[in-house]
Amino acid sequence: MELQKTISKARLYGLFTFTLFLGTTSCSSDDDNAITIDDDNVTPVEERNLPTQLTQYLDENQSDTDPGLSILIKHQGTVLYQHNKGLARLQGNHQIHEHTGFRIASITKPFTAIAIMQLVEQNLISLDDTLLEILPELPSSFENITISHLLSHRSGLLDYIDDNDDLSTLDGLTVSQIPLIIPGSGLNNLLFEPGTDSEYSNTAYVFLALIIEKITGMSYPNFMKTSIFDPVGMPNSFVISENAHLGDLNNDYALSFGNSIKVLGFDSLIYGANGIVSSTHDLGLFVEALLDYTIISEESLNLMITVQSSLEGIADYGFGWMTGTGQYEHTGVFTDPNDFWHTGGFDGYRSILSINPDLDLQVILLTNNGDDGQQKMFDIFRLTRAYLKK
């Protein structure tokens, strides 16, 4: 598997960046065409309450018999709108509900970053520790990469699926196998000297997962369960791995486009950058715990949402979070300066988790219906912000 720098392919795997809000995507093979928000099909902001507007929009645009979406919107500490419509799985007519689990794709990255910050708070690692100090078996070309560089996409690492024209080579590939493919893949070559530039890299977050495993002696899935999922109370959340396939679980988990356990035709088991399955209910509890500083400290969260790098055409980035700062087309339209968020996309799965402190607003949107579901998320997100800002 020869890897070269091709930005569009680097967006393919679990990277549903904030170009989502600009109306273009390149996160999966079904996203070849640009998408724009269709003003004609969006219920105008009127003097009606927001739940009425959103329900009418869904009644007019979302079928009960197609793959659908799950919505949770909280404002000023209370649920402003919670709704689910469409099918998690077409076979058996399994309706989406608030506990339905979806692959959240790159929203996995904030979870990985939080786990790292937990280890920093426990003085088990430092943000200035180098990758090779912890994983000395990796190539010597990585010697100047620090944990801080990995978290903020300043490592210079190529993406492990970058310019991979045969995604079947990733079928069943595990995190522990990633270091083994580096010598023949070109992943040992850096795009730039660490810390001198920035480029979104899924590989960086895979290495963060390996760091968590090396430092704790636990698997990443088990660490996420014991340090985040269980303490927060997230019963429908887990990490897909060689030991926990989506197909092994019950019908409460949504399939891609309602009919596929695989994504893009292969069985994806790599975690750290991707891999978490969760529900709007669980993610709502996660946001509460995050803002209450029960899973990390206020100091750690403030550091995570402080700008560390600028990802060209995407967003400013902290440690695991995109921020509302910087000069981007979406700034002022879908984001405010104090916002922090992440998005995700993998085949039919699309997701948004957005936190706006100024509006005291949290928006969590999950879909398993690709472009069509994504468009609905755009519209719902925009309607919500427009209503609260009018």
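About the thresholds
Residues numbered from 1 in each chain as written. Predicted model: local features only at pLDDT ≥ 70, side-chain atom pairs only at ≥ 80, totals over all residues. Heavy atoms only, no water. Buried < 20%, exposed > 50% of the residue type's maximum accessible area, 1.4 Å probe, protein only. Helix = DSSP H or I, 4+ residues; strand = E, 2+ residues; numbered from the N terminus. Pairing = 2+ DSSP bridges. Expected span 1.5 Å × (residues − 1). Core = buried A, V, L, I, M, F, W, Y, C linked by side-chain atoms within 4.5 Å. Salt bridge = Lys/Arg side-chain N within 4 Å of Asp/Glu carboxyl O. Contact = heavy atoms within 4.5 Å. Axes fitted to C-alpha atoms, helices over the stretch in contact; angles between N-to-C directions.

Outline the pairing of strand β11 (residues 340-346), listing residues and values.
Burial runs high along β11: 7 of the 7 residues are buried. In the sheet, strand β10 (residues 322-323) pairs with β11 via 2 bridges, with the strands oriented antiparallel. Pairing of Thr323 across the sheet is with Phe340, part of β11. The pairing of β11 with strand β12 (residues 349-356) spans 7 bridges and is antiparallel. Across the sheet, residue Phe346 finds its bridge partner in β12, namely Tyr349. Following β11, the chain reverses through 2 residues before pairing antiparallel with β12; Asp347 in that reversal takes a positive phi of roughly 60 degrees.

Tell me about helix α9 (residues 280-291), and please be specific about residues and values.
The terminal C-alpha atoms of α9, which comprises 12 residues, lie 16 Å apart, in line with the 16 Å expected from a rise of 1.5 Å per residue. Count one or two residues on from α9 and you reach Tyr293, which has phi positive near 60 degrees.

Run through the nonpolar core, naming residues and quoting values.
Counting 93 residues, the largest nonpolar core has Phe111, Phe207 and Phe286 as the members making the most contacts within it. Looking at which element gives the most residues to this core, the answer is helix α7 (residues 202-216), with 9 residues. In this structure, Leu54, Ile73, Leu359 and Phe381 belong to the second largest nonpolar core, which totals 18 residues.

Give a description of the pattern of salt bridges that names residues and reports values.
Inspection of the entire model under this criterion finds 9 salt bridges. Between Arg385 and Asp336 there is a salt bridge, with its nearest N and O atoms 3.1 Å apart. You can see Arg385 sitting in helix α11 (residues 370-389) and its partner Asp336 sitting in the loop between β10 and β11, a full 49 residues away along the chain. The residues Arg385 and Asp336 share a single accessibility class, namely buried. Salt-bridge contacts for Arg350 lead to Asp371; the nearest nitrogen and oxygen are separated by 3.5 Å. Of this pair, Arg350 sits in strand β12 while Asp371 sits in helix α11, placing them 21 residues apart in sequence. By relative accessible area, Arg350 is classed as buried at 0%. Judged by relative accessible area, Asp371 falls into the partly exposed class, the value being 24%. The network of salt bridges with common partners includes Asp336, Asp339, Arg385 and Lys389.

Could you give an account of the environment of Asn274, naming the residues involved and the relevant values?
Mapped onto the elements, Asn274 comes out in the loop between β6 (238-239) and β7 (276-278). Residues Asn274 and Lys109, spaced 165 residues apart in sequence, show a C-alpha to C-alpha distance of 6.9 Å.

Which residues make up the sheet that holds β7, and what are the values?
Two modes of strand pairing occur in sheets, parallel and antiparallel, and in both the strands are linked by backbone hydrogen bonds. Strand order in the open sheet formed by 3 strands is β5-β7-β6, and the pairing between neighbours is antiparallel. Of all strands in the sheet, those with a lone pairing partner are β5 (102-103) and β6, marking the two edges. Sheet topology places β5 next to β7; 2 bridges connect them, and they run antiparallel. Paired with Arg103 across the bridge in β7 is Val277.

Describe the pairing of strand β13 (residues 361-367), listing the residues and the values that go with them.
Summarising burial for β13: 7 of the 7 residues are buried, a large majority. Burial along β13 is two-sided: Leu361, Val363, Leu365 and Thr367 facing one way and Gln362, Ile364 and Leu366 facing the other are all buried. Taken together, the 7 bridges between strand β1 (residues 69-75) and β13 define a ladder with antiparallel strand orientation. Considered in β13, the bridge of Ile71 is made with Leu365. Sheet topology places β12 next to β13; 7 bridges connect them, and they run antiparallel. Paired with Ser351 across the bridge in β13 is Leu366. What sits between the antiparallel neighbours β12 and β13 is a turn of 4 residues, in which Asp360 has the positive phi angle 50 degrees.

Mind laying out the sheet that holds strand β9 (residues 315-317), listing which residues take part and the relevant values?
Across the sheet, which stays open at both edges, the 8 strands sit in the order β2-β1-β13-β12-β11-β10-β9-β8 with antiparallel pairing between neighbours. On the outer flanks of this sheet lie β2 (78-85) and β8 (309-311), each paired with one strand and no other. As paired elements, β9 and β10 share 2 bridges and run antiparallel to each other. Pairing of Tyr317 across the sheet is with Met322, part of β10. Contacts from α11 reach β1, β2, β12 and β13, with the element oriented near 165 degrees to β13.

Any functional reading would require information that these geometric values do not contain.
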